[in-house]
Amino acid sequence: MRISSMPAWVPALFFLTSTLQAQQISQTNLQKHVTFLASDKLQGRGTGTKAEMKAAQYLAKEFKRSGLEPKGTKGYFHEFTFKRSSDPHGTVAPNAPEEKSRNVVAYLDNGAQNTVIIGAHYDHLGLGLDHNSLDANPKGKIHNGADDNASGTSGVLELARYYAQNGVKEKYNFLFICFSGEELGLLGSKRYTENPTIDLSKVHFMINMDMIGRLNEEKRLVVGGVGTAPNFVPLLNSLSNPELQIKLDSAGIGPSDHTSFYLKNIPVLFFFTGQHSDYHKPTDDVEKVNFSGQKAILELATRIIDALDKEPKLVFQETKANQTNTPRFKVTMGIMPDYTYDGGGVHVDGVTEGRPAAQAGVQRGDVIISLGDTEIISIQDYMKCLGSFQKGDTAKLKVRRGNEVKELVVTF
């Protein structure tokens, strides 16, 4: 049989198909990265440990594999020193030794004037030797941190591969950063913004992904920082998707690394699927990660980035929440609030054994509706009220449990 010559459009169609295939977010890659980062051999990636350095080397290797330039102070590594606090309140002893850690930083140069930053923290709690574990007896137990924050770190690696290899030259450059020391007080992101390797005045915006691995059945994703640029809210509203129920939070300051960039007048977005009963415990393991949900979140990120790629450099705007009105806590309840909850009150996603809430009889699933004389409508009400108590104080606590309201007494 004689084969006729191939039409001219066939190679072009083949190239287009191959290019489109190369542009897909890979769930397989996400699972591979989380499985490695949250494996026992990395011993929970404690800040400044040899195991964390193994994680950093893995990240640098993956950035290099994707064809990205090193953009640290020493190759891909942005090294910094720190002193470890000696108690849960962040007190550093005067004679505390200097320790070393490193962020991992890579760059995609599109020859543009301005840059998009995509980041996540890769450190976790190690063997539970610091003060952040919520396990009753944490010392010596590996805290693998599959969701917190191997999930976000794997997202950075996959978006780095996606944008480096998709064959499209975007209007903006990209800086990909995996931060260390977040669990000890945003150390890595603070050090980077104090000693950046690019001009921060030329940053279009920053996306931070912290705990994006537990998308639940309601498919609810919190996107924080939407008040930091006028473009964010209308864009996210236009990208509403049956796969994701997006809850918007305007604040630029929050408990993760985007805060460091917001404080440098950079528009930020913060992706978060919510806390859970394994948060800061040894049970935060890879088999509990929702990889298809994680893929959907990264696909949303690409739609946001691609839409803003067509826009001029974003204008920063300050949000209402700031450091001066953030309450300082002398007590804790020992609950994990559900930050994705939309109803009135604070939905309790977890209760730590032995802490005041557990001793008062609070249960997972309860909704706190009043504390002392304060009606609790939102997480902000709860935090402000909590900041008014001292150790040893006793207060009335009302929770909604199913269709009932329970009155409890909590002692701090």
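Scope of this entry: the structure provided in the associated data block.

Looking at the nonpolar core
Core analysis: the largest hydrophobic core is formed by 60 residues, its most contacted members being Phe63, Val104, Phe176 and Phe271. Sequence-distant contacts of valine 104, defined by excluding residues within four places in its chain, comprise Ala56, Leu59, Ala60, Phe63, Tyr76, Phe77, Tyr122, Phe176, Ile177 and Cys178. Within the second largest apolar cluster, 22 residues are counted, among which are Val331, Ile335, Val362 and Ile379.

Description of the side chain of threonine 228
Structurally, threonine 228 can be placed in the loop between β7 (220-224) and α6 (232-238). The class of threonine 228 is buried, set by a relative accessible area of 0%. For threonine 228, the side chain forms a polar contact with the main-chain oxygen of glycine 225, separated by 2.7 Å. A polar contact is formed between the side chain of threonine 228 and the backbone nitrogen of valine 268, at a distance of 2.9 Å. Sequence-distant contacts of threonine 228, defined by excluding residues within four places in its chain, comprise Ser250, Gly252, Tyr262, Pro267, Val268, Val315, Phe316, Gln317 and Thr319.

Concerning the packing of helix α4 (residues 146-165) against helix α8 (residues 291-308)
Axis separation between α4 and α8 bottoms out at 11 Å; the angle between their running directions is 50°. What the angle tells us is that α4 and α8 run oblique. In this structure, α4 crosses over α8, and the sense of that crossing is right-handed. Of α8, the residues touching α4 (which contributes Ser151, Ser154, Gly155, Glu158, Leu159, Tyr162 and Tyr163) are Gln294, Leu298, Ala301, Thr302, Ile305 and Asp306. Within the contact of α4 with α8, the residues separate by chemical class into six nonpolar, five polar and two charged.

Let's talk about the pattern of salt bridges
With the rule as written, the count across this model stands at 15 salt bridges. In this structure, glutamate 52 engages arginine 102 in a salt bridge whose closest nitrogen and oxygen atoms are separated by 3.8 Å. Residue glutamate 52 is found in helix α3 (residues 50-65), and its partner arginine 102 is found in strand β3 (residues 98-108); the two are separated by 50 residues along the sequence. A residue is classified by how much of its surface remains accessible, and glutamate 52, at 0% relative accessible area, is buried. Two residues, lysine 398 and glutamate 407, come together in a salt bridge whose shortest N-O distance is 3.9 Å. With relative accessibility at 34%, the residue lysine 398 sits in the partly exposed group. Exposure remark for glutamate 407: the relative accessible area of 62% places this residue in the exposed category. Salt bridges linked by common partners bring Arg214, Asp278, Asp284 and Lys288 together as one network.

Observations regarding the packing of helix α2 (residues 27-37) against α4
Put simply, α2 and α4 touch, their axes get as near as 9 Å, and they point 135° apart. The angle between α2 and α4 places the two elements in the oblique class. In the crossing of α2 with α4, the sense of the turn from one axis to the other is right-handed. Residue-level contacts link Asn29, Leu30, His33, Val34 and Leu37 of α2 to Ala146, Ala150, Ser151, Thr153, Ser154, Gly155, Leu157, Glu158 and Arg161 of α4. A breakdown of the residues in the contact of α2 with α4 according to their chemical character gives six nonpolar, six polar and two charged.

Analysis parameters
Residues numbered from 1 in each chain as written. Predicted model: local features only at pLDDT ≥ 70, side-chain atom pairs only at ≥ 80, totals over all residues. Heavy atoms only, no water. Core = buried A, V, L, I, M, F, W, Y, C linked by side-chain atoms within 4.5 Å. Buried < 20%, exposed > 50% of the residue type's maximum accessible area, 1.4 Å probe, protein only. Contact = heavy atoms within 4.5 Å. Helix = DSSP H or I, 4+ residues; strand = E, 2+ residues; numbered from the N terminus. Polar contact = N/O pair within 3.5 Å; in protein donor to acceptor, adjacent residues only side chain to side chain. Axes fitted to C-alpha atoms, helices over the stretch in contact; angles between N-to-C directions. Parallel < 35°, antiparallel > 145°, perpendicular 65-115°, else oblique. Left-handed = near helix turned anticlockwise from the far one by under 90°. Nonpolar A, V, L, I, M, F, W, Y, C, P; charged D, E, K, R; others polar. Salt bridge = Lys/Arg side-chain N within 4 Å of Asp/Glu carboxyl O.

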